[in-house]
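Residue strings, one per chain:
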Amino acid sequence: MNRIDKNNYYLDICETVLERGTCLRRNFAALIVKNDEIISTGYTGSPRGRKNCCDLAYCRREELKVPRGTRYELCRSVHAEQNAIISARRQDMIGATIYLVGKECSTGDYVHNASPCSLCKRFIINAGIDKVIIRDTKTIYRDIWVNEWVENDDSLEGDGCY
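Residues numbered from 1 in each chain as written. Predicted model: local features only at pLDDT ≥ 70, side-chain atom pairs only at ≥ 80, totals over all residues. Heavy atoms only, no water.

- The name given to the protein in an unreviewed UniProt entry is Cytidine deaminase, with Clostridium thailandense as the source organism.
- Heading Sequence similarities (unreviewed entry) of the UniProt record for the protein holds this comment: "Belongs to the cytidine and deoxycytidylate deaminase family."
- Entered under Cofactor (unreviewed entry) in the UniProt record, the comment concerning the protein runs "Zn(2+)". (UniProt positions renumbered as here; feature names shortened; annotations may be inferred.)

Dropping the structure here:
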């Protein structure tokens, strides 16, 4: 019997969570796991009580042709990583792993070279999360150790994935 490895197991769950995303540009999902227990999930969507882009039928950043990784203040959405983090207790996140999957809404393809934006990196660091695992293809993923971001302080700048 061929069992799926744990990272792809959690990434597959994350991919299902992604289906709840409401962005018209690209949707992401995040899953926080510690000691083989799912702590919380999050997906891209507007703050509670506000209309989502899919409800409004437009994306301001898409209309303005804003390049990826810039002008987040124009976006209505809360990022998946942020939603997962605010739904969990910090003591449960210390030493945890956060899994990320992103897909382009126009094609359904995985987001190429996906990475948390600089603000999400700060959230992940402050949450005490140790590792980020990002799906690149259906079976290929990358591991990022959060302490590398802390040691290389410049890595908190630059573009992200939304």
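Examining the pairing of strand 1 (residues 26–34)
Taken residue by residue, a regular strand's side chains alternate between the two faces of the sheet.
Thinking step 1. Of all nine residues in strand 1, eight are buried; the element is thus mostly enclosed.
Thinking step 2. The sheet contact formed by strand 1 and strand 2 (residues 37–43) spans six bridges and is antiparallel. Within the sheet, the bridge partner assigned to Val33 lies in strand 2 and is Ile38.
Thinking step 3. What sits between strand 1 and strand 2 in their antiparallel hairpin is a turn of two residues, with Asn35 showing a positive phi close to 50 degrees. (Buried < 20%, exposed > 50% of the residue type's maximum accessible area, 1.4 Å probe, protein only. Helix = DSSP H or I, 4+ residues; strand = E, 2+ residues; numbered from the N terminus. Pairing = 2+ DSSP bridges.)

Thoughts on the packing of aromatic side chains
Thinking step 1. For the structure shown, the criterion picks out two aromatic pairs.
Thinking step 2. Seen from their ring centres, Tyr10 and Tyr99 are 5.3 Å apart, and the 40 degrees between their planes marks the pair as tilted. Residue Tyr10 is located in helix 1 (residues 6–18), and its partner Tyr99 is located in strand 3 (residues 97–104); the two are separated by 89 residues in the primary sequence. This pair shows no difference in class: Tyr10 is buried, exactly as Tyr99 is. (Phe/Tyr/Trp six-rings, centres within 6.5 Å; stacked < 30°, edge-to-face > 60°.)

Considering the nonpolar core
Thinking step 1. Membership of the largest hydrophobic core comes to 21 residues, with the highest contact counts inside it found for Ile32, Ile85, Met93, Ile98, Ile124, Ile129 and Val132.
Thinking step 2. Mapped by element, the contributors of at least two residues to this core are strand 1, helix 4 (80–86), strand 3, helix 6 (118–127), strand 4 (131–135) and helix 7 (146–151).
Thinking step 3. Every residue in contact with Ile32, bar those within four places of it in the chain, is listed here: Glu37, Ile38, Ile39, Ser40, Ala84, Ile85, Met93, Ala96, Thr97, Ile98 and Ile129.
Thinking step 4. By size, the runner-up hydrophobic cluster in this structure holds 12 residues, among which are Tyr10, Leu11, Cys14 and Tyr110. (Core = buried A, V, L, I, M, F, W, Y, C linked by side-chain atoms within 4.5 Å. Contact = heavy atoms within 4.5 Å.)

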